[in-house]
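As a plain string of letters, each chain reads:
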Amino acid sequence: MNRDVMICGVGGQGTVLASKIIAAAAMEEGSVVHSAETIGMAQRGGSVTSHVRIGERAQSPLIPLGSADMILSFEPAEAVRNLAYLKEGGIVIVNTTPVKPVTESLCETGYDGTEMLEYLEKKCRVIAVDGDDACSQLGSAKFLNIFLLGVAAGSGALSIADETLLGEIRKRVPARFVDSNVKAFEMGQEIFNVQGETEDEAQ
Amino acid sequence: MKEYVMGNGAIALGAMAAGVKAVAGYPGTPSSEIIETISKHSHEGIYIEWSVNEKAAMEVAAAAAYSGARALVTMKQVGLNVASDPLMSLAYVGVKGGMVIVSADDPGPISSQTEQDTRRFADFCRIPVFDPSSPEEAFAMIQDAFEYSEKYSTPVLFRPTTRVCHAYASIDVPDIFSPGEYEGFVKDSKKWVIFPKLSFANHGMIEERNVRIAQDFSSYGKNSCEGAASAKAVIAGGVSYAYAKEFLQDNPGVRLVRIATPFPFPEDFVRSSLEGVSEVICLEELSPYIEESLLKMIGKGGMQLAVSGKLDGSVPHNGELSADKVADILSAFLGIEKKNRACDLEDAPALPMRPPVLCAGCPHRASFYAVKQAMKGRKTVYCGDIGCYTLGNAMPLDMVDTCLCMGAGITMAQGFYHTDREVACFAFVGDSTFFASGMTGIVNAVYNEANMTLCVLDNSTTAMTGHQPHPGTGRNMMGNVVDKVSIEKILKAVGLSKVITVDPLDLEASIAAVKECDETEGVKAIIFKSPCVAITKPQGLMKISEKCINCKKCIREIGCPALITVDGKVTVDALLCTGCGLCSQICPVDAIGGAGNE
């Protein structure tokens, strides 16, 4: 099965690990995978994207516009920035916590993400989750990526078995953080169950 | 064993599979991970170094190749400019062991000064060039490149682009690598010493040889011809080939010709692939190299073919191509109705801008700020250089007036002094850049009686490209701890009129150092020494007390990303703050403390 998954956010949020886990898990399940990431100057504080392309159809590393089955966005404005990549009927999973740009403190525009979330709701199928709240329950903002990965898995749109994803998480995070990351992943999945109704509304 | 690797990793593993013995390079996006991959794998018997610059890397590798060993050199495209002096001569002399020079191009450009094209360099040097279109292919092609290099006793260029270097794919990697056997250097001054006589003879030989290589390349498997013969055909190179393939998947019945070896141009292959074709479009990034080669070929006669591409405006000259751009170009060329699958975002709210900035706690911010404060009200010119500190140009620091190429800041500051004696001339250079190409410049400044201040922003690493070691760090790529080369001792030995080393996070001392240098005639230097925040532990967290009058001077003056406003109040972002303490030294009411700055 061919799937294009775009992961986006702001440099430093941990998007790269999330994309590596999805790619490795899809490979583990026997799929051909290609991916590409933002590297270099834009990494810190800049907009970053990871393109994960699963299946034989993908010839090039970047997802064409209007082709992504899922956008997993770590930040509201970044979801809007990359929305042109979403295919018709695709799903956006978005963290509602905004990351204010550095320029915001110099020249205030009042950006708080709300307008972005409203816009997303208007345009496509959205699952909005409060990553900040989840991370404070987990004890660190470092778990945001695995939490959001859990949400993506819970939505069913990744079409990768939870156990395969968990296997890759165990392989890729430092041993002492495995338990908390597994917890973050499960919390992501559960939120989906609790929020089932929210998603219906969004549709 | 299957490994999911970055394109640069695939290049590295391919070179190892080819039995490479010596590897040298200088970091530069998008090429840096090649050498890092080799050093992370088990690499017994392979010599690896980060050289001080690309010219040094080229020469180190050339010696290995003269000795019959296989050698790999890596750099980004602008690095090839630095290494072009040895490369031009090396092309005349030739090699014994296979020598592959990876020069990674950066269409966009995404993180480079230029959109130059390494294929042109290959043509200029008259040596073969390989142009991979994917990580998988890069793994196989670099092994072929070594074979061709040895077969024709010539250095060979290998030119991936960002989307090949930084894409990931799974590669079947051998479990064990070992460098190939080699004879060692055999003296023969007629062969290894470049003299006019040798150049004359080899120049003729090289041109004859290139005709043979072009024929050889005509049967090279990676130069491919797919799809049924059609009146309109597509010819592509590099990642553009992958984009074209993606489009033609849904729009079959069009011939797709792929050029994997742009120089020497495989004319026989192209001629037979375009048989029956009356119109062809060239898809390539950077320069119209394939297009011009095709036009040259047609000029020789015997072909009736209309060629479009960059030269007739069908394909943009600048920037990257993408699956979407290629879909638009090919739809227009083939007369297919364009499918617009992306949803319309015209009604989207204004998006926040996120320009790259110096990290929270970055010592460069403090260095720039100290110079800015010390020189307030004076006529100045601030010459920047290549590295993270180019970001010192951003507001509110605004401390980079020029940036040209590696090391240019020093010599340009000198030039500004000789043009205008009234202006206070400053050059900012990082530690790695200082070793790469700053040292000759500073000697030039002293010798030619400049009056300028050099600011070495010494953060003990090559930060921008991923923290590679350099001569000042005290460790090298063979994993050895070595004596640190002291920038201070170098500057003193050159004979500067003043050399001060200061911690940039001590604002008062830093401003005093700048003023002291400003009052001294001649070439002066301040070494602002403080490690990069990405390689050190945070020193704690700054705290804003109730004394804060919310004047926002801290935010306005230094633009640290860790200083934000929450509900209109200045707040410290605990995730970003490193406790560097610069803000506490700026606060007019002593409201910022913490991390030992009370």
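See the structure above.
Residues numbered from 1 in each chain as written. Chains lettered and ligands numbered in written order. Predicted model: local features only at pLDDT ≥ 70, side-chain atom pairs only at ≥ 80, totals over all residues. Heavy atoms only, no water.

**Student:** Looking at this structure, how should I read the packing of aromatic side chains?
**Tutor:** In this description, an aromatic ring pair is defined by two values, namely the gap between the centres and the angle between the planes. Applying the stated rule across the entire model yields 15 aromatic pairs over all chains. The ring centre of W192 of chain B lies 4.9 Å from the NZ or CZ of K191 of chain B, which sits over that ring. (Phe/Tyr/Trp six-rings, centres within 6.5 Å; stacked < 30°, edge-to-face > 60°. Lys NZ or Arg CZ within 6 Å of the ring centre and 35° of its normal.)

**Student:** What should I look at first to understand the interface of chain B and chain A in this one?
**Tutor:** Think of interface size as the accessible area that goes away when the parts come together; that is how it is often given. Facing the 50 residues of chain B at the interface are 49 residues of chain A. At the boundary of chain B with chain A, total buried surface from both sides reaches about 4,500 Å², with 61% on carbon and sulfur atoms. Remark: the boundary between chain B and chain A carries five salt bridges. Counting across the chain B and chain A interface gives 18 residue pairs in polar contact (both at pLDDT 80 or more). Only β1 (2-6), β8 (167-172), α11 (239-250), α14 (323-334), α20 (553-558) and β20 (563-566) of chain B provide two or more residues apiece to the side of chain B that touches chain A. The element best represented in the side of chain B that touches chain A is α11 of chain B, accounting for seven residues. Each residue belonging to the side of chain B that touches chain A can be placed in one class, and the counts come to 32 nonpolar, five polar and 13 charged. (Contact = heavy atoms within 4.5 Å. Buried area = accessible area lost by both parts, 1.4 Å probe. Salt bridge = Lys/Arg side-chain N within 4 Å of Asp/Glu carboxyl O. Polar contact = N/O pair within 3.5 Å; in protein donor to acceptor, adjacent residues only side chain to side chain. Helix = DSSP H or I, 4+ residues; strand = E, 2+ residues; numbered from the N terminus. Nonpolar A, V, L, I, M, F, W, Y, C, P; charged D, E, K, R; others polar.)

**Student:** Is there a simple way to think about the sheet that holds strand β5 (residues 99-104) of chain B in this case?
**Tutor:** Within a beta sheet, neighbouring strands are joined by backbone hydrogen bonds and run either parallel or antiparallel to one another. All names here are of chain B. Taken together, the six strands give an open sheet; going across it, the order is β3-β2-β4-β5-β7-β6, and neighbouring strands pair in parallel fashion. Each edge of the open sheet is held by one strand with a lone partner, namely β3 (47-50) and β6 (129-130). Pairing of β6 with strand β7 (residues 156-158), which is carried by two bridges, proceeds in the parallel orientation. Bridge assignment links F130 to a residue of β7, and that residue is F158. (Pairing = 2+ DSSP bridges.)

**Student:** Where do I start with the nonpolar core in this structure?
**Tutor:** Side chains of a nonpolar character, in soluble globular proteins, are inclined to be buried together. Residues and elements named next belong to chain B. Of all hydrophobic cores here, the largest spans 73 residues; its most connected members are V371, M452, L454 and L491. A domain-level breakdown of this core finds at least three residues from each of domain 3 (363-535) and domain 4 (543-593). In this structure L491 touches F434, I442, L454, V456, L496, V499, A525 and I527, once residues within four positions along its chain are discounted. Within the second largest apolar cluster, 62 residues are counted, among which are I35, V173, F217 and L321. (Core = buried A, V, L, I, M, F, W, Y, C linked by side-chain atoms within 4.5 Å. Buried < 20%, exposed > 50% of the residue type's maximum accessible area, 1.4 Å probe, protein only. Domains from an automatic or database assignment.)

**Student:** Could you clarify how one ought to interpret a negative patch on the surface in this entry?
**Tutor:** Residues D112, E115, E118 and E121 of chain A make up a contiguous surface patch of negative charge. For D112 of chain A, the position within the fold is in the loop between α3 (102-106) and α4 (114-123). (Patch = residues over 30% accessible without salt bridge, like charges linked within 9 Å, V, L, I, M, F, W, Y side chains within 5 Å. Areas by Shrake-Rupley, 256 points an atom, 1.4 Å probe, with all protein chains shown as cover. Lys, Arg positive; Asp, Glu negative; His and termini not counted. Charge placed at Lys NZ, Arg CZ, Asp CG, Glu CD.)

**Student:** Explanation requested: the environment of S218 of chain B in the structure shown.
**Tutor:** Residue and element names in this part refer to chain B. Its location among the elements puts S218 in helix α10 (residues 196-218). A relative accessible area of 16% means that S218 is categorised as buried. Between the alpha carbons of S218 and A513 there is a distance of 64 Å; along the sequence they are 295 residues apart.

**Student:** Sorry, what's going on with the pairing of β1 of chain B here?
**Tutor:** Regular strands show a simple pattern: their side chains alternate between the two faces of the sheet. All names here are of chain B. When you tally the buried positions in β1, you get four out of five residues, the bulk of the element. Direction of pairing for β1 relative to β8: antiparallel, over a ladder of five bridges. Residue pairing across strands places M6 opposite Y168, the latter belonging to β8.

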